Amino acid sequence: MSEAVYPRHALSAEGGCRCGGLRFRITGQPMMTSACHCAGCKRMTGAPFSTTLIVPADGFEVTKGQTQLGGLRGPDLHHHHCPDCLSWVFTRVAGVDAIVNVRAVLLDDARGFVPFIETCTSEKLPWVATPAEHSFETMPPVEVYQDLLADYAAHLSPEED
Ligand SMILES: [Zn+2]
Ligand SMILES: [Zn+2]
């Protein structure tokens, strides 16, 4: 394992959808960052992998517009999109109400985003490489997340006074 240091996210950070009709603000330090290579994320983003900031729910707010549910519309996975341009902006998971998964590259300035973990690498395009510290062939089991969150916190750059 490397001694990588992950940048703290400049807060509050704002972002939005393609058309600007849906805007959000992140005021809580993200608890972890990830990239997902699964087929579903590829289809929803039209990109080689999705990018996620796992944000405490009380540190996230929609500041403009309403969302529309899209994606699979499953009972537990609530994919929130802009109703006009249909960008996939964030995901809430029923039963995991303490966090919101925000699409990292929708930040106005996403340069501070570096994925700490990557998931579903068994579905990864052969030429894609990320600097993630932890790689999982599938989605890691929930029990693993506590350790991952602690490890991410240990890799964060020191807080500035
Ligand atoms: Zn939009
Ligand atoms: Zn995925």
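Residues numbered from 1 in each chain as written. Chains lettered and ligands numbered in written order. Predicted model: local features only at pLDDT ≥ 70, side-chain atom pairs only at ≥ 80, totals over all residues.

An unreviewed UniProt entry lists the chain under the name GFA family protein, with Thalassococcus profundi as the source organism. Reading the Sequence similarities (unreviewed entry) entry of the UniProt record for the chain gives the comment "Belongs to the Gfa family." (UniProt positions renumbered as here; feature names shortened; annotations may be inferred.)

Caption draft 1: Structural detail: the overall build of the chain. The helix and strand inventory of the chain stands at two helices and 11 strands. Along its sequence from the N terminus, the chain presents helices and strands in the succession β-β-β-α-β-β-β-β-β-β-β-β-α. Taken over the C-alpha trace, the chain has a radius of gyration of 15 Å; the compact-globule value for 161 residues is 15 Å, and the two agree within 12%. Considering only C-alpha atoms, the chain reaches an extent of 45 × 40 × 30 Å along its principal axes. Burial status across the chain gives 29% buried among its 161 residues. Summarising the internal contacts of the chain: among those between residues at least 6 apart in sequence, 56% fall at separations of at least 24. (Helix = DSSP H or I, 4+ residues; strand = E, 2+ residues; numbered from the N terminus. Rg over C-alpha atoms; globule rule 2.2 N^0.38 Å. Buried ≥ 20, exposed ≤ 12 C-beta atoms within 10 Å, placed from the backbone. Contact = placed C-beta atoms within 7 Å.)

Caption draft 2: The arrangement of unusual backbone geometry in detail. A cis amide bond links leucine 11 with the next residue in sequence, serine 12, at an omega value of 0 degrees. In the Ramachandran plot, arginine 73 falls in the positive-phi region, its phi being about 50 degrees despite a non-glycine side chain. Unusually for a residue other than glycine, leucine 86 sits at a positive phi of about 70 degrees. Given 13 C-beta atoms within a 10 Å radius, leucine 86 is considered partly exposed.

Caption draft 3: Here's a closer look at the UniProt feature "domain: CENP-V/GFA" (unreviewed entry) in the chain. Feature annotation in UniProt assigns "domain: CENP-V/GFA" (unreviewed entry) to the following positions: residues 13–117. Between the C-alpha atoms that bound residues 13–117 the distance is 21 Å, and the span itself is 7% helix and 43% strand.

Caption draft 4: Local environment of the sheet that holds strand β2 (residues 23–26). Here we have three strands laid out as an open sheet, ordered β1-β2-β5, and antiparallel in their pairing. A strand with exactly one partner marks an edge of an open sheet, and here the two such strands are β1 (13–16) and β5 (60–64). Neighbour-to-neighbour, the strand axes of the sheet open up by a mean angle of 30 degrees, direction not taken into account. (Pairing = 2+ DSSP bridges. Axes fitted to C-alpha atoms, helices over the stretch in contact; angles between N-to-C directions.)

Caption draft 5: Seen up close, the environment of glutamine 66. Within the element layout of this structure, glutamine 66 appears in the loop between β5 and β6 (68–70). For glutamine 66 and glycine 28, which are 38 residues apart along the polypeptide, the C-alpha to C-alpha distance reads 21 Å.

Caption draft 6: Geometry of the pairing of strand β8 (residues 88–93). Where strand β7 (residues 77–81) and β8 come together, five bridges link them in antiparallel fashion. Note on β8: the bridge partner recorded for histidine 79 is threonine 91. The antiparallel pairing of β7 with β8 creates a hairpin that spans six residues between the two strands, and leucine 86 there sits at a positive phi of about 70 degrees. Of the pairings in the sheet, the one linking β8 to strand β9 (residues 99–103) comprises two bridges and is antiparallel in character. Following the sheet pairing, phenylalanine 90 is matched in β9 by valine 102. Between β8 and β9, which follow one another and run antiparallel, lie five residues, and glycine 95 among them has a positive phi close to 90 degrees.

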